[in-house]
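# A closer look at the structure
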Amino acid sequence: MKSIPAPVFLLCLLAVLISVPVVEAREPDSTLARRIAEHADTLMRGSSNSSTYRMTIVRPEWTRSITMDSWERGKKLSYMEVTDPPRDLGTAYLKRDGQMWTFLPNIERTVKIPPSMMMDSWMGSDLTNDDLLNESSLLDDYGHELVGADTLDGVAAWHVRLIPHEDAPVVWDRIEFWVRQGDFMLMRDEYFDEKGRKVRTMSYEEIKTMDGRRIPTRWVLEPHLKKEGNRTVLEILDVDFDVTIPDRYFTRQHLERSR
Amino acid sequence: MILFKLAWRNNWRHRWRSGLTAAAVVFGLSITIWGFCFTEGSHEQIIRNSVESFTGHVQVHRKGFHDDPSLRKVFYPDSQFVPELEGGVPGLANYSFRISTFGLASVGETSFAAMIVGIQPEREQEFIHWDRKIEQGRYLHPGDINGALVGADLAENLGIGIGDTVIIVTQDYYGSLCGALRVVRGTVRSHARELDRGGLLISLASAREMLSMQGMANTAVVMATGSEQVPQLISELDNRLGAGGLEVIGWRRIMPDIVQAVELDNVFGILTNLILLLVIGFTVLNTFLMSVMERIREFGIMRSLGASPGRVVGLIVVEAALLVGLGFVLANIVGIGASVYNSVHPLDFSEMGGDELSKFYGMDPRIYTRLTWQTLVYPNLFVAVVILLALIYPAWRAARISPAEAVSRRH
């Protein structure tokens, strides 16, 4: 009905003009945040790696450990095989083309993990199948924001916040993580759901040099929200970075090969 | 005594009207009685169907399982359950143990979600009567580790028959994916939708093997000697098992949806009956109002001869009592007769599309009526109250008659 009064329009214009430098001023922060995230991402992975690790699942009623050999190339391809305990010996997982298959030796069948089971526990741990399949999307699906400098357990740290992009198919509302200042060593991740509740915490411990890299070798995942007393510990026993892995490792034939 | 004589004669003066009124009472009341018996019977049947087809009267789980089921919430029957029942439990007819979980049933590239239940074949046969639910093939033999029974609709969806192999994939006790191959021994048609569409039954031993759950169970299914014994049985079992960390729940909590459906149906039944009762009430009101109005002069003469207003009202009440009383007697004979007949010879709805309905709602298309003291007393009480209400106005009208005015009145 009425046109916008001139003073209001001018104020708006002014606000826009002022905000532009602010956005630019924030740029370096988010670039730093992204660099931290990228560093964290490549540090643990390399362009490819082969590793042996032990996963210990702690429950109020029981504790059990599974040892696995793993081969990983880039973010999209990985192959894992259980070597211990004997009951699960030969159980294998293949991640490829954004899908996951598992080979169950006792029935000699390959099963594709259906979308309905993505949020189910992976091998009984506090990790979900989705965690395994979509770990790589931390860089692509989230915007990175530097919250600021912080101190964690007496160590100077950068506090970075990951907020998912509007249409990203992710399960978290946000992820907060801390890295050591200076070398960007991973210290802790905290995962929050859409209600703003902290769902789980991952702590990175026991930094050691493995294959020439300083990396945390003990990762402790603790779920919250009525799951106190549950814990999953991943220990890297051995890792080789930037190794050549034959293409055939990442095929279903390899998954199903006779053992 | 003269009142009875007068009332008897007065009723006979309009034999058609009296006859029709009595007939309305007979019709209305007998249908209400039969209707109550039918509703009661169908509800009893829905409940018995569910209880006997799968859930049992009472289930026992580890505390917390019912509200938040998880395969990790288990108990050890041999140490936690069986010893506590020593000496016998009053009202307990039978029990057996199960492990139930969810997973995938697949054949080739086709997969469907399945409710996987490990049962004790010999024990459950005694009270769940699985063999009557076998559509094709046969029931599980004791000790059959490799066999499975598959819900008839699930089998159809998977395209498998007797002797075919089905792949079961689920998570074991420790949460690891596990798989098993089982051979289809039979298909199950139970009238319980979830079971027919997604049920995959294997033996308890087989489930324990597959899920790494040696010695464990997550459900005890308990049958009472009769449904009336359930509340006592629950508290008795709770006394014995509660301290050991087990939770005892009755079918009302196991199947709240069925309890709600039954309650809703009861409300509809009462509404329908209210309409019928209203019709009876107006018929009676009409008859007696007419008989009062056309006899104002007659009542006036009675009053002139020295009859008190109370006597006039008394006459009308006795007339009504004779008529309605006859109606009540006949109605009860007809109503009870029909209900008893249908409790032996059920109504079969299968010809009337009941087959489809029964598949959908999990009901037997044949419905037996059930006569209890409630289904008899309530309709009689309701009709009596309605008729009493209908009599108030005519009686009040007759009592108000002034003799002089009435006698001098011309038709």
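Residues numbered from 1 in each chain as written. Chains lettered and ligands numbered in written order. Predicted model: local features only at pLDDT ≥ 70, side-chain atom pairs only at ≥ 80, totals over all residues. Heavy atoms only, no water.

### Focus: the overall build of chain B
This is how it is decided: Helical segments are the DSSP runs of H or I of at least four residues, strand segments are the runs of E of at least two, and each set is numbered from the N terminus. Burial here depends on accessible area, computed with a 1.4 Å probe over protein chains only, as a share of the maximum for the residue type. Under 20% is buried, over 50% is exposed, and the range in between is partly exposed. Two residues qualify as a contact provided that any one of their heavy atoms is within 4.5 Å of a heavy atom in the partner residue. All accessible areas in this document rest on Shrake-Rupley with a 1.4 Å probe, and a residue is counted as covered only by the protein chains that are shown.
Looking only at helices and strands, chain B has 15 helices and 12 strands in total. Seen through its C-alpha atoms, chain B measures out along the principal axes to roughly 100 × 45 × 30 Å. Taking all 411 residues of chain B together, the buried fraction comes to 50%. Pairs at least 24 apart in sequence give 78% of the contacts found in chain B among residues at least 6 apart. A total of about 19800 Å² of accessible surface is found on chain B, and carbon and sulfur atoms cover 61% of it.

### A closer look at the pairing of strand 4 (residues 92-96) of chain A
Residue and element names in this part refer to chain A. Stated precisely, the cut-off is as follows: Between any two strands, pairing holds if DSSP finds at least two bridges.
Most of strand 4 sits inside the fold, with 4 of its 5 residues counted as buried. In the sheet, strand 4 pairs with strand 5 (residues 99-104) via 5 bridges, with the strands oriented antiparallel. Across the sheet, Arg96 pairs through a bridge with Gln99, a residue of strand 5. Remark: 2 residues form the turn of the hairpin made by strand 4 and strand 5, two consecutive strands paired antiparallel; Asp97 in that turn has positive phi of roughly 50 degrees.

### Thoughts on the nonpolar core
Stated formally: Definition of nonpolar core: a set of buried residues of the types Ala, Val, Leu, Ile, Met, Phe, Trp, Tyr and Cys, connected through side-chain atoms within 4.5 Å. Domains are outlined according to an automatic or database domain assignment.
Within the largest apolar cluster, 127 residues are counted, with the highest numbers of intra-cluster contacts made by Trp122 of chain A together with Phe81 and Leu237 of chain B. Ranked by residue count, the leading element in this core is helix 1 (residues 6-45) of chain A, at 7 residues. Of the domains in this structure, domain 1 (2-50 + 258-408) and domain 2 (64-244) of chain B are the two that each give at least three residues to this core.

### Quick notes on the packing of aromatic side chains
We count it as follows: What counts as a ring pair is set by centres within 6.5 Å for rings of Phe, Tyr and Trp (its six-membered ring), and what kind of pair is set by the plane angle: stacked under 30 degrees, edge-to-face over 60, tilted for all other angles. Only when the NZ atom of a Lys or the CZ atom of an Arg is both within 6 Å of the ring centre and within 35 degrees of the ring normal do we say a charge sits over the ring.
Going through the model one piece at a time under the given rule, you end up with 20 aromatic pairs over all chains. With a centroid separation of 6.2 Å and an interplanar angle of 75 degrees, the aromatic rings of Phe54 of chain B and Trp130 of chain B are classed as edge-to-face. Within this pair, whereas Phe54 of chain B is found in helix 2 (residues 15-55), its partner Trp130 of chain B is found in the loop between helix 4 (121-128) and strand 4 (134-137), the two being separated by 76 residues in sequence. Per residue, the accessibility class of Phe54 of chain B equals that of Trp130 of chain B, and both read buried. Members of the aromatic cluster, joined through ring pairs, are Phe75, Phe81, Tyr95 and Phe97 of chain B. Residue placement shows Arg200 of chain A over the ring face of Tyr191 of chain A; its charged tip is 4.4 Å from the ring centre. Residue placement shows Arg123 of chain B over the ring face of Tyr95 of chain B; its charged tip is 4.5 Å from the ring centre.

### Structural notes on the interface of chain B and chain A
Accessible area lost during the coming together of the parts is what is often quoted as the interface size. Selection criterion: Values labelled buried area give the accessible surface lost by two parts on being combined, using a 1.4 Å probe and summing over both. Each salt bridge in this description consists of a side-chain nitrogen of Lys or Arg and a carboxyl oxygen of Asp or Glu lying within 4 Å of one another.
On the side of chain A, 22 residues touch chain B, which itself brings 19 residues to the contact. Note on chain B versus chain A: buried area summed over both sides is about 1600 Å², and carbon and sulfur give 56% of it. Its largest share of buried area at the contact with chain A, chain B owes to Arg72, Tyr174 and Leu177 of chain B, together 37% of the area lost on that side. Here chain B and chain A share 3 salt bridges between them. Only strand 6 (165-171), strand 7 (177-188) and helix 7 (204-211) of chain B provide two or more residues apiece to the side of chain B that touches chain A. Broken down by element, the residue count for the side of chain B that touches chain A peaks at 5 residues, all from strand 7 of chain B.

### Side note on helix 14 (residues 373-399) of chain B
All names here are of chain B. Short version of the rule: Each helix should span, by expectation, one fewer than its residue count multiplied by 1.5 Å. At any given residue, the bend is defined as the angle formed between two axes, one fitted to the seven residues that end at that position and one fitted to the seven that begin there.
Taking 1.5 Å of rise per residue, 27 residues should cover 39 Å, and helix 14 covers 38 Å from first to last C-alpha, within 8% of that figure. Within helix 14, the axis deviates most sharply at Ile392, by approximately 30 degrees, and proline Pro394 lies no more than four positions further along. Taken as a whole, helix 14 has its buried residues at Thr375, Pro379, Asn380, Val383, Ile387, Ala390, Leu391, Pro394, Ala395, Arg397 and Ala398. Elements that come into contact with the buried residues of helix 14 comprise helix 2, helix 10 (256-293), helix 11 (296-304) and helix 12 (309-344).

### What about the packing of helix 12 of chain B against helix 14 of chain B?
All names here are of chain B. Here is the rule: Only the stretch in contact is used when a helix axis is fitted, and all axes are lines through C-alpha atoms; the angle between N-to-C directions ranges over 0 to 180 degrees. An angle below 35 degrees is treated as roughly parallel, one above 145 as roughly antiparallel, one from 65 to 115 as roughly perpendicular, and anything else as oblique. Crossing chirality is assigned from the near helix's rotation relative to the far helix, an anticlockwise turn below a right angle marking it left-handed and a clockwise turn marking it right-handed. Just so you know the grouping, Ala, Val, Leu, Ile, Met, Phe, Trp, Tyr, Cys and Pro go in nonpolar, Asp, Glu, Lys and Arg go in charged, and all remaining residues, Gly too, go in polar.
The interhelical angle for the contact between helix 12 and helix 14, taken along N-to-C directions, is 155 degrees, at an axis separation of 10 Å. The angle between helix 12 and helix 14 places the two elements in the roughly antiparallel class. In this structure, helix 12 crosses over helix 14, and the sense of that crossing is right-handed. On helix 14, the residues touching Pro309, Val312, Val313, Ile316, Ala320, Val324, Phe328, Asn332 and Ile336 of helix 12 are Leu376, Asn380, Val383, Ala384, Ile387, Leu391, Pro394, Ala395, Ala398 and Ala399. Tallied by class, the residues present in the contact of helix 12 with helix 14 amount to 17 nonpolar, 2 polar and no charged.

### A word on the confidence of the model for chain A
Note the following rule: Along the chain, pLDDT gives the predictor's confidence residue by residue, from 0 to 100.
Per-residue confidence for chain A gives a mean pLDDT of 82, with 86% of residues at or over 70. In the model, residues 13-27 of chain A has pLDDT below 50 throughout and makes 1 contact with residues more than four positions away in sequence or in other chains.

### Quick look at a nonpolar patch on the surface
The following threshold applies: Residues qualify for a patch when their relative accessible area is over 30% and they have no salt bridge, like charges being joined within 9 Å and the nonpolar side chains of Val, Leu, Ile, Met, Phe, Trp and Tyr within 5 Å.
Together, Leu264, Val267, Phe268, Ile270, Leu271 and Leu274 of chain B line one region of the surface with nonpolar side chains, adding up to about 570 Å² of accessible area. Following the sequence through the fold, Leu264 of chain B ends up in helix 10.

### Some words on unusual backbone geometry
Residues and elements named next belong to chain A. The peptide bond linking Asp84 to Pro85 adopts the cis configuration, its omega dihedral lying at 5 degrees. Mapped onto the elements, Pro85 comes out in the loop between strand 3 (77-84) and strand 4. Although it is not a glycine, Asp97 adopts a positive phi angle of roughly 50 degrees. You can see Asp97 is positioned in the loop between strand 4 and strand 5. One non-glycine residue, Asp242, lies in the positive phi region at around 50 degrees. Its location among the elements puts Asp242 in the loop between strand 13 (231-241) and helix 4 (252-256).

### What about the domain arrangement of chain B?
We note that the domain assignment places domain 1 (2-50 + 258-408) and domain 2 (64-244) within chain B. Domain 1 of chain B and domain 2 of chain B are separated by 50 Å when their C-alpha centres are compared.

### A closer look at the side chain of His43 of chain B
Summarising the element assignment, His43 of chain B is placed in helix 2. Dropping the residues within four chain positions of it, His43 of chain B is found in contact with Val262, Asp265 and Asn266 of chain B.

### Observations concerning the side chain of Thr32 of chain B
Here Thr32 of chain B shows up in helix 2. Excluding its chain neighbours within four sequence positions, the residues that come into contact with Thr32 of chain B are Asn273, Leu276 and Pro379 of chain B.

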